[in-house]
Amino acid sequence: MQTQNAPETAEYQQTDSELGRHLLTARGFHWIYGTSGDPYALTLRAESDDPALLTRRIREAGPLWQSATGAWVTGRHGVAAQALADPRLALRHADLPGPQRHVFSDAWSNPQLCHIIPLDRAFLHASDADHTRWARSASAVLGGAGGATAEGVREQAGRVHREAADRTGDSFDLMADYSRPVATQAAAELLGVPAAQRERFAATCLALGVALDAALCPQPLAVTRRLTEAVEDVRALVADLVEARRTQPGDDLLSTVLRDGSSAASPAQDALAVGVLTAVVGVEVTAGLINNTLESLLARPVQWARLGEGPDLAAGAVEEALRFAPPVRLESRIAAEDLSLGGQDLPAGAQVVVHVGAANRDPEAFLAPDHFDLDRPAGQGQLSLSGPHTSLFGAFARLQAETAVRTLRERRPVLAPAGAVLRRMRSPVLGGVLRFPLTTSA
Amino acid sequence: MRVLLTSFALDAHFNGSVPLAWALRAAGHEVRVASQPALTASITAAGLTAVPVGADPRLDEMVKGVGDSVLSHHADQSLDPDTPGQLTPAFLKGWDTMLAATFYTLINDDPMVDDLVAFARGWEPDLIVWEPFTFAGAVAAKVTGAAHARLLSFPDLFMSMRRAYLAQLGAAPADPAGWDGTAHPEDSLGQWLEWTLGRYGVPFDEEAVTGQWSVDQVPRSFRPPSDGPVVGMRYVPYNGPGPAVVPDWLRVPPTRPRVCVTLGLTARTSEFPNAVPVDLVLKAVEGLDIEVVATLDAEERALLTHVPDNVRLVDHVPLHALLPTCAAIVHHGGAGTWSTALVEGVPQIAMGWIWDAIDRAQRQQALGAGLHLPSHEVTVEGLRGRLVRLLDEPSFTAAAGRLRAEAESEPTPAQVVPVLERLTAQHRARGARRPGGTSPCVS
């Protein structure tokens, strides 16, 4: 099992000079590849280029096309759906055991940009088998089906959101005062983080928030250092919780994995993985989905007003936001073997990038794709949160976002933007929100 | 005093330091020139003492690998901070990011910096004079406490861009979530210098980019505004490292107006592209009642379809010997050629298309001492018309003469030496004085 062979942290140690140079080189190459107008390279640059325009160019460049970065990119719904469902397209290289680390030889040789830094310790490059097992053992809590545990999660969510909404004043920041705190608190309650550790957990989650971006887009050295330190910190925190649950099980996520995954080789390792992924992926994806849903709704006051007509519309709003403004825009995979996709023959080891945002607006799959439609019929196959690590938190993120919409619509009905949404730089995957100022009075 | 000069291994960037090195040596100071081994032959050919550091930076492979992309970002881009709409945030960030990733860190790689610091620790220079991209010199100075200065051989547009970029970064909204832990996470050059200095336990400050002062050999009319101390110095042509030999034909005055055509030496000896359509250039002079001296090597001659009767082809001739006999020069825009023509008072057609070559040529044109013709815009008619103007209209020669006088009004390298002695005494860290050594500075 991959997690049992988790490498020692020493293997990840690099001097500031080594790591800094590595990040600088990767960043330099995203710029270099962008000079020819390559829309995927420009997406990874994550600069001022219009993301809607880049998204369209990525889709229109062909069903599956090779970017100057080396990656095969698709923004077509059909190919994207096929790629995301293909077990031969994995999060890691089939022939590279251990950390997914790529060492750049020279500053002018085309560097391998599929795993900018190894995030194995955060369980972001796990195998399909691991993910399948984790999803199964966590399903009683994260699966989204009914049941007593899920009902408990729903009630908890309602309480957390009501408290957060009631704390807001005449004006507040959606990310800082609502989305991030509720996502962090909901995750903490899933894991049963004790009150004394909540502050540490929140600080760690904040630093972990760049993880999905850092895998594809080099972050500054200091941000990368904080990320890798936070990975170790959350591992230690979760490992302590797992240890405690082994003797005193509860109805939390970690106890569930320990119980339902008891046939696994190491249920404790699986619980660690699921717990760490909750902090690394669950929190940021949930906060992002809340932000994107509210941003889409508040930009359309008529639709926001309509939500008052029926609480059931919240689910449709979240589903449409997943399509319209994905919380995870890019999904990167490595071909485990030679394969054909989108009319191209790809060699083993090729990187395939699905631009979820582009695929979700493919006019061949969606009627009026650039229109945000609360009533869009379900089942048209929007592709957000269908990766192995994102789908694990699909039901959780949906529940939190629906609860956010319902709670804010009910308690802050005249909510409106008080300024532009400011997004983090170097955030091509998440489009991480820094600031989202809102006013609660007309 | 002990003076350590350093430049990465490229003649075009080293040559500008040779006359100052001679002046320091002639004044009795100890001088060493540190560079990668590839420059050792050039350093010793200039009569100086070489200190090889690090390994050769493989610039040619870099240019072959990524040159097109990096150059295309900068081609036809004015770097003049006064030209509106040019120094956009996207341009400056690309400039900073790409050059830090592929150039600054390549020519100042860790082994080179380590070797330079180790040498400076042992030899204990009082002053380190560094070529403005050879930041290793600043690192060695900050680690050892030596005074340090940049030596400019081309207009300091780098610093104008740096200032504009830092101002843009400073104006960007701060990040409330605390992602931006460092002062300027998007400042690639600053980040790299921060962790490079950090290897020696020395904190980064902007002095590692600016030097404590700059010695500027560029005439005042071409200096962008500076907010750091500048010591002006006259540009004295060295034109190395090729053998400087006066050929027979150059010993008699020309019978017709003489025009020099040259593409410089860098494109010959590196992968840096020659952008000049030299065949068109020679077609443009055909039939004019002039004598053209074209300094072209075999590879450049291979680009010619025809050599007009009024063209003398030579492989190499020292420009400082040739240009006093010339009425005009047509060249690729490089700094060494441009500077030599300027101090010789020769009107120029400069075909610059990138970096400061564009701004030098444009400013020269604005000052009436020459004309700018970007190399990709060269046509036979366009070039011929410009050359005829340069030869026929006395205003060009008069303006070139004014620039020559301006250049000559600056102190010579020998006159600058006492200024450097004084500044070194001011800036040098007290603790860096050699035990038992002589006083580092002439009083």
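As the structure is a prediction and not an experimental result, all values here were calculated from the model.

## Here's the deal with the overall build of chain A
A count of helices and strands for chain A gives 17 helices and 12 strands. In terms of C-alpha radius of gyration, chain A reaches 21 Å, essentially the compact-globule figure of 22 Å for 442 residues. For chain A, the spread of C-alpha atoms along the three principal axes comes to 55 × 55 × 40 Å. For chain A, with 442 residues in total, the buried portion stands at 55%. Pairs at least 24 apart in sequence give 73% of the contacts found in chain A among residues at least 6 apart.

## Digging into the overall build of chain B
Counting its secondary structure elements, chain B contains 19 helices and 13 strands. Taking all contacts inside chain B whose residues are at least 6 apart in sequence as the whole, residues at least 24 apart take part in 67%.

## Considering the sheet that holds strand 10 (residues 311-314) of chain B
All names here are of chain B. The six strands are arranged 10-9-8-11-12-13 in an open sheet whose pairing can be described as parallel. Looking at the sheet topology across the chains shown, the edges are occupied by strand 10 and strand 13 (370-372). Averaged over all adjacent pairs, the angle separating strand axes in this sheet is 15°, with direction ignored. Pairing analysis gives three bridges linking strand 11 (residues 328-331) to strand 12 (residues 348-350), with the strands arranged parallel. For valine 330, the partnering residue across the bridge sits in strand 12 and is isoleucine 349. Contacts from helix 15 (residues 335-343) reach strand 8 (258-262), strand 11 and strand 12, with the element oriented near 165° to strand 12. Along the sheet, helix 16 (residues 356-366) contacts strand 12 and strand 13; its crossing angle with strand 13, the most-contacted strand, is approximately 135°.

## A few points about the interface of chain B and chain A
Contacts between the two partners involve 35 residues from chain B, matched on the other side by 30 residues from chain A. Breaking the side of chain B that touches chain A down by element, the ones donating at least two residues are helix 4 (59-74), helix 5 (89-107) and helix 9 (188-198) of chain B. Split into classes, the residues belonging to the side of chain B that touches chain A amount to 15 nonpolar, 14 polar and six charged.

## Some thoughts on the packing of helix 8 (residues 198-208) of chain A against helix 10 (residues 221-247) of chain A
Residue and element names in this part refer to chain A. Packing of helix 8 against helix 10 brings their axes to within 8 Å, and their N-to-C directions diverge by 140°. Relative to helix 10, the element helix 8 is oriented oblique. Handedness of the crossing formed by helix 8 with helix 10: left-handed. Side by side, helix 8 and helix 10 meet where Arg200, Phe201, Thr204, Ala207 and Leu208 of the first sit next to Arg226, Leu227, Ala230, Val231, Asp233, Val234 and Leu237 of the second. Taken together, the residues of the contact of helix 8 with helix 10 sort by class into eight nonpolar, one polar and three charged.

## Describing the pairing of strand 5 (residues 147-152) of chain B
Residue and element names in this part refer to chain B. Counting buried positions along strand 5 gives six out of six residues, so the element sits mostly inside the fold. Judged by which residues are buried, strand 5 turns out to be covered on both faces: Ala147, Ala149 and Leu151 on one side and His148, Arg150 and Leu152 on the other are all buried. Of the strand pairs in this sheet, strand 4 (residues 127-130) and strand 5 are connected by four bridges, and their pairing is parallel. Directly across from valine 129, in strand 5, lies its bridge partner alanine 149. In this fold, the crossover linking strand 4 to strand 5 by way of helix 7 (residues 136-144) has right-handed handedness. Across four bridges, the pairing between strand 5 and strand 6 (residues 213-216) is parallel. What sits directly across from alanine 149, in strand 6, is tryptophan 213.

## Description of the domain arrangement of chain B
Residues and elements named next belong to chain B. Splitting chain B by domain gives domain 1 (2-235 + 411-432) and domain 2 (248-407). Taking the mean C-alpha position of each, domain 1 and domain 2 sit 29 Å from one another. Listed as interface residues are 25 residues of domain 1 and, on the opposing side, 25 residues of domain 2. Mapped by element, the contributors of at least two residues to the side of domain 1 that touches domain 2 are helix 1 (11-14) and helix 4. Looking at the side of domain 1 that touches domain 2, its residues break down into 12 nonpolar, six polar and seven charged.

## What about the sheet that holds strand 12 (residues 437-439) of chain A?
Note on sheets: strands pair through backbone hydrogen bonds, and any given pair is parallel or antiparallel. All names here are of chain A. Pairing is antiparallel across the open sheet formed by three strands, whose spatial order is 4-12-9. Two strands close off the open sheet at either side, each with one partner strand: strand 4 (171-173) and strand 9 (416-417). Its contacts with the sheet place helix 7 (residues 174-191) against strand 4 and strand 12, and it is angled at close to 60° to strand 4.

## Quick word on the packing of helix 6 (residues 110-123) of chain B against helix 7 of chain B
All names here are of chain B. Two elements in contact, helix 6 and helix 7, have axes separated by 9 Å at closest approach and are oriented at 40°. With respect to helix 7, the element helix 6 is oriented oblique. Where helix 6 crosses over helix 7, the handedness of that crossing is right-handed. For the pair formed by helix 6 and helix 7, the contact residues are Met112, Val113, Leu116, Val117, Ala120 and Arg121 on the first element and Ala136, Val139, Ala140, Val143 and Thr144 on the second.

## Some words on the environment of A:Val302
Note on placement: A:Val302 falls in helix 13 (residues 301-306). When the C-alpha atoms of A:Val302 and A:Glu199 are compared, they prove to be 39 Å apart, with 103 residues separating the residues in sequence.

## Things to note about helix 3 (residues 51-60) of chain A
Residue and element names in this part refer to chain A. Inspection of helix 3 places Leu54, Thr55, Ile58 and Arg59 among the buried residues, and these make up the whole buried set. Buried residues in helix 3, looked at end-on, bunch into an arc of 135°, giving them a common side. Facing away from the buried side of helix 3 by over 90 degrees, the exposed positions are Ala52, Leu53 and Glu60. Buried residues along helix 3 sit in contact with helix 2 (39-45), strand 2 (72-74), strand 8 (351-355) and helix 15 (356-359). Looking at the residues trailing helix 3, positive phi occurs at glycine 62, about 140°.

## Observations regarding the confidence of the model for chain B
Residue and element names in this part refer to chain B. For chain B, the mean per-residue pLDDT works out to 92, and 94% of the residues sit at or above 70. Under a pLDDT of 50 for its full length, residues 176-183 has, in the predicted model, 16 contacts with residues more than four places off or in other chains. Low pLDDT, under 50, characterises residues 435-443; the stretch is placed with 11 contacts to residues that sit more than four places away or in other chains. Across the assembled chains, the prediction reports ipTM 0.90 with pTM 0.92.

## Details of the nonpolar core
The biggest cluster of nonpolar side chains holds 271 residues, and the ones touching the most others in it are A:Leu208, A:Ala211, A:Val276, A:Val352, B:Leu116 and B:Val259. If you tally residues by element for this core, the top one is helix 12 (residues 267-298) of chain A, at 16 residues. If we skip the residues at most four places from it in the chain, B:Leu116 touches B:Thr6, B:Ala34, B:Val53, B:Ala136 and B:Ala140.

## Considering the environment of B:Thr337
Structurally, the position occupied by B:Thr337 is in helix 15. The contact partners of B:Thr337, leaving out residues within four places of it in the chain, are B:Thr262, B:Gly264, B:Leu319 and B:His331.

## Some words on unusual backbone geometry
Residue and element names in this part refer to chain B. The peptide bond linking glycine 240 to proline 241 adopts the cis configuration, its omega dihedral lying at -5°. Mapped onto the elements, proline 241 comes out in the loop between strand 7 (230-232) and strand 8. Phi angles above zero are rare outside glycine, and aspartate 76 is one such case at about 60°. Within the secondary structure, aspartate 76 sits in the loop between helix 4 and helix 5. We note that glutamate 124 has phi near 55°; this positive angle belongs to a residue other than glycine. Note on placement: glutamate 124 falls in the loop between helix 6 and strand 4.

Criteria and thresholds
Residues numbered from 1 in each chain as written. Chains lettered and ligands numbered in written order. Predicted model: local features only at pLDDT ≥ 70, side-chain atom pairs only at ≥ 80, totals over all residues. Helix = DSSP H or I, 4+ residues; strand = E, 2+ residues; numbered from the N terminus. Rg over C-alpha atoms; globule rule 2.2 N^0.38 Å. Buried ≥ 20, exposed ≤ 12 C-beta atoms within 10 Å, placed from the backbone. Contact = placed C-beta atoms within 7 Å. Pairing = 2+ DSSP bridges. Axes fitted to C-alpha atoms, helices over the stretch in contact; angles between N-to-C directions. Nonpolar A, V, L, I, M, F, W, Y, C, P; charged D, E, K, R; others polar. Parallel < 35°, antiparallel > 145°, perpendicular 65-115°, else oblique. Left-handed = near helix turned anticlockwise from the far one by under 90°. Right-handed = clockwise from strand over helix to strand, strands pointing away. Domains from an automatic or database assignment. Arc of directions from axis to C-beta. pLDDT = per-residue confidence, 0-100. Core = buried A, V, L, I, M, F, W, Y, C linked by C-beta atoms within 7 Å.

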